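Report on the structure
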Amino acid sequence: MRSRRKAPEELDEERLVRLVAKGDRAAFDELYRRTAPWLAVRLRRRCADEQIVAEVMQETYLAVWRAAGAFAGSAVGGTAVGWVWTIAARRLVDAFRRRAHHAEPPATAAGRTVVPAAEDEALAGIVGGDVGDALRRLAPELREVLQATVLDGLSVRETAVLLRLPEGTVKTRARRARIAMREALT
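Description of the structure in this document. (Residues numbered from 1 in each chain as written. Predicted model: local features only at pLDDT ≥ 70, side-chain atom pairs only at ≥ 80, totals over all residues. Heavy atoms only, no water.)

Another aspect to go through is the pattern of salt bridges. Taken as a whole, this structure holds ten salt bridges when the rule is applied. Put simply, R44 and E50 hold a salt bridge, and the shortest N to O gap is 2.8 Å. Note on R44: relative accessible area 32%, which makes it partly exposed. For E59, the salt bridge goes to R98, with nearest N and O atoms at 3.1 Å. With E59 in helix α3 (residues 50–67) and R98 in helix α4 (residues 80–102), the pair connects residues that are 39 residues apart, well separated along the chain. Since its relative accessible area comes to 35%, R98 is described here as partly exposed. Here the residues in one salt-bridge network are E13, E30, R33 and R34, joined through shared partners. (Salt bridge = Lys/Arg side-chain N within 4 Å of Asp/Glu carboxyl O. Buried < 20%, exposed > 50% of the residue type's maximum accessible area, 1.4 Å probe, protein only. Helix = DSSP H or I, 4+ residues; strand = E, 2+ residues; numbered from the N terminus.)

Structure (structure tokens):
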């Protein structure tokens, strides 16, 4: 008896990436359908310029199509969604660098009405207790650096470009955030 092949919508994201590596267009379409809305929201939270967000989205999914075979996945403790976000975050940093050479940095979302992001609400649901309380008590500028470096896995340099801060400021804020978290948890 032959086992039937599962439809792309029945597979998890890691399996979809593995199929994309084999050139499976339906798997790529399903991966895009699942991750693009979430990714666009997350990018818009870091960049108010829709043109940059659109470019980063396009570059990200092109990179996913081309580099799916390099995805190591759960073998190294990673997830497919995390891998896609890492690609997007690095593409966003690259876009900021390109724009910095040609014009003023893009407008930030700072002027917008602050609404809790889905990722912040999810983090609040995941990180509870003393750690969640300590995170919520951090100053916004410290939490922002902590999010970029720890949660998003960006380097100090990438965080500096993304947040338009000097590298030294990123290091100082990361240190202050670690100290504040340590004090809050002792």
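Having seen the structure, we can now continue with the description.
As a further point, take the environment of R42. Along the chain, the position of R42 falls in helix α2 (residues 25–46). Judged by relative accessible area, R42 falls into the buried class, the value being 12%.

What follows is about the packing of aromatic side chains. In this description, an aromatic ring pair is defined by two values, namely the gap between the centres and the angle between the planes. Throughout the structure, instances matching the rule amount to five aromatic pairs. Between F28 and Y61, the aromatic rings sit 6.3 Å apart at their centres with planes inclined by 80 degrees, giving edge-to-face as the arrangement. One end of the pair, F28, is in helix α2; the other, Y61, is in helix α3, and 33 residues separate them in sequence. What makes F28 buried here is its relative accessible area of 10%. Exposure remark for Y61: the relative accessible area of 5% places this residue in the buried category. (Phe/Tyr/Trp six-rings, centres within 6.5 Å; stacked < 30°, edge-to-face > 60°.)

Compared with the 26 Å implied by 1.5 Å per residue over 18 residues, the 25 Å span of α3 between its first and last C-alpha is a close match. For α3, the full list of buried residues reads I52, V53, V56, M57, T60, Y61, A63 and V64. Taken down its axis, α3 places every buried residue within 155 degrees of arc, on the same side. Residues of α3 that are exposed and point more than 90 degrees away from the buried face comprise Q58 and R66. (Expected span 1.5 Å × (residues − 1). Arc of directions from axis to C-beta.)

Time to look at the packing of helix α1 (residues 13–21) against α2. Closest axis-to-axis distance for the α1/α2 pair is 8 Å, and the angle between their directions is 140 degrees. Taken together, α1 and α2 sit at an angle that is classed as oblique. Classified by chirality, the crossing of α2 by α1 is left-handed. Along its contact with α1, which presents E13, L16, V17, L19 and V20, the element α2 presents A27, F28, E30, L31 and R34. (Axes fitted to C-alpha atoms, helices over the stretch in contact; angles between N-to-C directions. Parallel < 35°, antiparallel > 145°, perpendicular 65-115°, else oblique. Left-handed = near helix turned anticlockwise from the far one by under 90°. Contact = heavy atoms within 4.5 Å.)

With their axes 8 Å apart at the nearest point, helix α8 (residues 156–163) and helix α9 (residues 167–185) run at an angle of 105 degrees to one another. The angle between the axes of α8 and α9 places the two elements in the roughly perpendicular class. Two secondary-structure elements touch here, α8 through V156, R157, T159 and A160 and α9 through E167, V170 and K171. Broken down by class, the residue content of the contact of α8 with α9 amounts to three nonpolar, one polar and three charged. (Nonpolar A, V, L, I, M, F, W, Y, C, P; charged D, E, K, R; others polar.)

As for its placement among the helices and strands, T159 is situated in helix α8. Not counting residues within four places of it along the chain, the set of residues in contact with T159 comprises A148, T149, L154, R164 and V170.

Within the chain, R164 stands out as a residue other than glycine whose phi angle is a positive 55 degrees. Mapped onto the elements, R164 comes out in the loop between α8 and α9.

This part takes up the nonpolar core. Generally speaking, soluble globular proteins have nonpolar side chains that are buried together. With 36 residues, the main nonpolar core has L39, L43, M57, W83 and L92 as its most contacted residues. At eleven residues, α4 tops the list of elements feeding residues into this core. Once residues lying within four places of it in the same chain are set aside, the contact partners of W83 are V17, V64, A67, A68 and F71. One finds A134, L135, L142 and A177 within the second-largest nonpolar core, a separate group that totals seven residues. (Core = buried A, V, L, I, M, F, W, Y, C linked by side-chain atoms within 4.5 Å.)

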